[in-house]
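Observations on the model geometry
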Amino acid sequence: MDNAASIAASALNAFSVRQGVTANNIANAETPDFKASSVRMEEVPAGGVTATPDKGKDPVDISKEAANLLVNSSLFKANVATVKTVDEMTRALLDIKA
C-alpha cells in the first residue's frame, strides 16, 4: 500500500509542475514573442512519474491551456482519492490488528 501512496504522491507532484507551467503559459499569453512551454511526463521504473518542463516553439493556445487546466484538476483529484484510499485501508488494517 505504501507503493500506491508513493506513486500517487509522485503523480501529485508531476501534475503540480504541469499546472504551474500551464499557469505560466496563460499569464504570458499576451507577452510579445513568448512561446508556450510544455511538460514531458515520464514513468519511473520503480513506480511513479516525473515531470520535466520543456521550452516550446509555438505561441500560447488559450483553448489548449484551458483544457490542460481541466485535465490537471481531474487527474489531481484522482490521485488525492488514491492517497485517501490507501490511508483508509491502512487504518482498517490497523483496527483489525488491534
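The following paragraphs examine the structure supplied in this document. (Residues numbered from 1 in each chain as written. Predicted model: local features only at pLDDT ≥ 70, side-chain atom pairs only at ≥ 80, totals over all residues. Heavy atoms only, no water.)

As for the overall build of the protein
Of the regular secondary structure elements, the protein holds two helices and two strands. In the protein, the succession of α and β elements from N to C terminus is α-β-β-α. Computed over C-alpha atoms, the radius of gyration of the protein comes to 17 Å, more than 25% over the 13 Å expected from 2.2 N^0.38 for 98 residues, which places it beyond the range of a compact globule. Along the first, second and third principal axes, the C-alpha atoms of the protein reach 65 × 25 × 15 Å. (Helix = DSSP H or I, 4+ residues; strand = E, 2+ residues; numbered from the N terminus. Rg over C-alpha atoms; globule rule 2.2 N^0.38 Å.)

Focus: a nonpolar patch on the surface
Nonpolar side chains collect at one region of the surface, where Ile26, Ile62 and Leu69 lie side by side and expose about 220 Å² of accessible area between them. Relative to the helices and strands, Ile26 resides in helix α1 (residues 2–27). Residue classification places Ile26 among the partly exposed residues on the basis of a relative accessible area of 33%. (Patch = residues over 30% accessible without salt bridge, like charges linked within 9 Å, V, L, I, M, F, W, Y side chains within 5 Å. Areas by Shrake-Rupley, 256 points an atom, 1.4 Å probe, with all protein chains shown as cover. Salt bridge = Lys/Arg side-chain N within 4 Å of Asp/Glu carboxyl O. Buried < 20%, exposed > 50% of the residue type's maximum accessible area, 1.4 Å probe, protein only.)

A word on the pairing of strand β2 (residues 49–54)
As judged from the six bridges shared by strand β1 (residues 38–43) and β2, these two strands associate in the antiparallel manner. Bridged to Glu42 within β2 is Thr50. If you look at the hairpin formed by β1 and β2, you'll find five residues sitting between the two strands, and Gly47 has a positive phi there, around 115 degrees. (Pairing = 2+ DSSP bridges.)

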